[in-house]
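Descriptive structure summary
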Amino acid sequence: MTPRAADRARYDRATAHLDAPVAIVDLEAFDANAADLVRRAGGKPVRVASKSVRCRALLERVLSRDGFAGVMSFTLDESLWLARAGFEDVLLAYPSADRSGFGELARDPKLAAAVTVMVDDVAQLDLIDAARAGGTEEVRVCLELDTALHLLGGRIRVGARRSPLREPAQLAELARSVVRRPGFRLVGIMAYEGHVAGVGDAVAGRPLRSRAIRLMQSAARKELAERRAAVVRAVRAVAPDLEFVNGGGTGSVQHTAAEDAVTEIAAGSGLFVPRLFDNYTSFSGRPAALFAQPVVRRPGVGVVTVLGGGYPASGVAGADRLPVPYLPEGLRYDPQEGPGEVQTPLLGSPADDLRIGDKVWFRHAKAGELCERFESLHLVEGDRVTATVPTYRGEGMTFL
């Protein structure tokens, strides 16, 4: 029996009492992935990205481990919800226009102490001030650095379009605006290098593309390390008591941790290890989060149909954004249909061994987005479900 076949047997036994669709997290794999992130961080704390988990119980589980500290959230509403639930260090990774949320933040000492908001423009400070509604609490602020690699004099850009702040002087100027402004305290810098951390450099069957990605990422790491260090020096000259400099992501943990200017690493997808994180030379993880769909039809030889399954991930539409049939091994989509909203035909010789009601296990393309489809995650240890915990959706929270 192959390791994957053994996993399938365990998952089927563990969930035999549960009807599909169903989602699980293999806790042995989850914990092993967490340990590997800490190892790669080389002693620097790992801030867990909540968008890649979207389950409070699992956030609490990973934060109870040595080497993890703090949450990186994705909306202000989520940040306040987590802070009210007892999370004491929440960094909002994206600017917000949630006026009611900023009003609540500015009125509540507990929330103001726990939550740090992201800015890259004075206009965002203006919005926060206008939303205070009489609240006088000091708002903790983090500045975001644009990490994109510019080539050919800026004519080619590689990296996400995030912050407009690129050069040390630009961040220092905004830092001065924050420091001079009553009601705000500058506490951090964030720089997420998604073109390194979130792009696999070992694309199956694409050796030339893989080499090109590795060359790009090597150049990007070198350029960003130099620029990030200069930015930190410039901002610390304005705000010497800066608490943290956050960088990295699952695919670049060890590289970013090696920079002296960086004090903490962000990571989240590496806990679940969805399919987009299979293609890296720098690390390998264990798939920990899966979902199962039930076989409901047998249309012919070498074909079964499962209920639903059309759960595409965000990003540029393409085959790499689709879930992948994982267990049993050897199933594939019908190229004329793909994963469907209500039904999904699957092709391959393993289909002939599947019966009506059997489970087919899938891996999502990305991590936390799976939890927007399920109200609960069944936590598997060995061949048993040892707990069932709600996702954000299961707690009635859909932040985006």
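Residues numbered from 1 in each chain as written. Predicted model: local features only at pLDDT ≥ 70, side-chain atom pairs only at ≥ 80, totals over all residues. Heavy atoms only, no water.

- Identification of the chain as Amino acid deaminase/aldolase from Streptomyces litmocidini is taken from an unreviewed UniProt entry.

**Details of the packing of aromatic side chains**
- For the structure shown, the criterion picks out 13 aromatic pairs.
- When the ring of Trp-81 is compared with that of Tyr-392, the centres are 5.1 Å apart and the planes differ by 85°; the resulting orientation is edge-to-face. In this pair, Trp-81 is assigned in helix H4 (residues 76-84) and Tyr-392 in the segment after strand S19 (384-390), connecting sequence segments 311 residues apart. Each member of the pair, Trp-81 as well as Tyr-392, is classed as buried. (Phe/Tyr/Trp six-rings, centres within 6.5 Å; stacked < 30°, edge-to-face > 60°. Helix = DSSP H or I, 4+ residues; strand = E, 2+ residues; numbered from the N terminus. Buried < 20%, exposed > 50% of the residue type's maximum accessible area, 1.4 Å probe, protein only.)

**Points about unusual backbone geometry**
- Note that the residue after Ala-20, namely Pro-21, is joined by a cis bond; omega there is 5°.
- That bond from Leu-327 to Pro-328 is cis: its omega, 0°, falls within 30 degrees of zero.
- Along the polypeptide, Pro-328 turns up in the loop between strand S14 (324-327) and strand S15 (332-333).
- Positive phi values are uncommon outside glycine, yet Arg-54 reaches one of about 55°.
- Positionally, Arg-54 belongs in the loop between strand S2 (46-49) and helix H3 (56-63).
- One non-glycine residue, Val-273, lies in the positive phi region at around 50°.
- By the element assignment, Val-273 lies in the loop between helix H12 (269-272) and strand S12 (289-300).

**Side note on the packing of helix H8 (residues 168-180) against helix H10 (residues 207-238)**
- Look at H8 against H10: their axes get within 8 Å of each other, and the N-to-C directions meet at 25°. The angle between H8 and H10 falls in the class roughly parallel. You can see that H8 and H10 cross each other, and the crossing is right-handed. Contacts between H8 and H10 involve Pro-168, Leu-171, Ala-172, Ala-175, Arg-176 and Val-179 from the former and Ala-230, Val-231, Ala-234, Val-235 and Val-238 from the latter. (Axes fitted to C-alpha atoms, helices over the stretch in contact; angles between N-to-C directions. Parallel < 35°, antiparallel > 145°, perpendicular 65-115°, else oblique. Left-handed = near helix turned anticlockwise from the far one by under 90°. Contact = heavy atoms within 4.5 Å.)

**Description of the sheet that holds S2**
- On the basis of which strands lie adjacent, the closed barrel formed by eight strands has the order S2-S3-S4-S5-S6-S9-S10-S11 and parallel pairing. Direction aside, the axes of adjacent strands within the sheet are offset by 30° on average.
- Two elements, strand S6 (residues 139-144) and strand S9 (residues 184-191), share six bridges in a ladder whose sense is parallel. Its bridge partner being in S9, Leu-143 is matched across the sheet by Ile-189.
- Running over the sheet, helix H7 (residues 122-131) touches strand S5 (115-119), S6 and S9 and is turned about 135° from S5. (Pairing = 2+ DSSP bridges.)

**Some remarks on the packing of helix H5 (residues 99-107) against H7**
- It is the contact of H5 with H7, at a shortest axis distance of 8 Å, that shows an interaxial angle of 70°. By the angle between their directions, the pair H5 and H7 is classed as roughly perpendicular. As H5 runs across H7, the sense of the crossing is right-handed. From H5, Arg-99, Phe-102 and Gly-103 reach across to H7, where they touch Leu-127, Ile-128 and Ala-131.
- Of the residues that constitute the contact of H5 with H7, the class distribution is four nonpolar, one polar and one charged. (Nonpolar A, V, L, I, M, F, W, Y, C, P; charged D, E, K, R; others polar.)

**A word on the environment of Val-122**
- The residue Val-122 is located in helix H7 in this model.
- Judged by relative accessible area, which is 33%, Val-122 ranks as partly exposed.
- Each C-alpha atom of the pair Val-122 and Gly-300 lies 63 Å from the other, and the pair is 178 residues apart in sequence.

**Structural notes on the side chain of Thr-305**
- Within the fold, Thr-305 resides in strand S13 (residues 303-307).
- The class of Thr-305 is buried, set by a relative accessible area of 2%.
- Other than its neighbours up to four places away in sequence, Thr-305 contacts Pro-294, Val-295, Val-296, Arg-297, Pro-299, Gln-343, Thr-344 and Pro-345.

**Side note on empty space enclosed by the protein**
- Overall, the coordinates contain three cavities of 30 Å³ or more when judged by the stated rule.
- If you go around the largest cavity, the residues you meet are Glu-144, Leu-145, Asp-146, Thr-147, Gly-159, Ala-160, Arg-162, Tyr-192, Glu-193, Gly-194 and His-195.
- Partitioned by chemical class, the residues of the lining of the largest cavity number three nonpolar, four polar and four charged. (1 Å grid on protein atoms, 1.4 Å probe; cavity = no way out; pocket = protein on both sides within 12 Å on 5 of 7 lines; lining within 4 Å. Points joined across faces, edges and corners; volume = space filled by probe spheres on them.)

**Let's talk about a nonpolar patch on the surface**
- Among the surface-exposed residues, Leu-151, Leu-152 and Ile-156 lie close enough to one another that they form a single nonpolar patch of about 250 Å² accessible area.
- The partly exposed category is assigned to Leu-151, whose relative accessible area is 35%. (Patch = residues over 30% accessible without salt bridge, like charges linked within 9 Å, V, L, I, M, F, W, Y side chains within 5 Å. Areas by Shrake-Rupley, 256 points an atom, 1.4 Å probe, with all protein chains shown as cover. Salt bridge = Lys/Arg side-chain N within 4 Å of Asp/Glu carboxyl O.)

**Things to note about the nonpolar core**
- Residues Leu-58 and Val-141 are the most contacted members of the largest nonpolar core, which totals 89 residues.
- In terms of residues, this core owes the most to one element, helix H2 (residues 27-41), which gives six residues.
- When sequence neighbours within four positions are dropped, the list of residues in contact with Val-141 reads Thr-116, Val-117, Val-119, Leu-125, Val-178, Phe-184, Arg-185, Leu-186, Val-187 and Gly-188.
- Leu-18, Ala-20, Leu-290 and Val-380 belong to the second largest nonpolar core, which has 12 residues in total. (Core = buried A, V, L, I, M, F, W, Y, C linked by side-chain atoms within 4.5 Å.)

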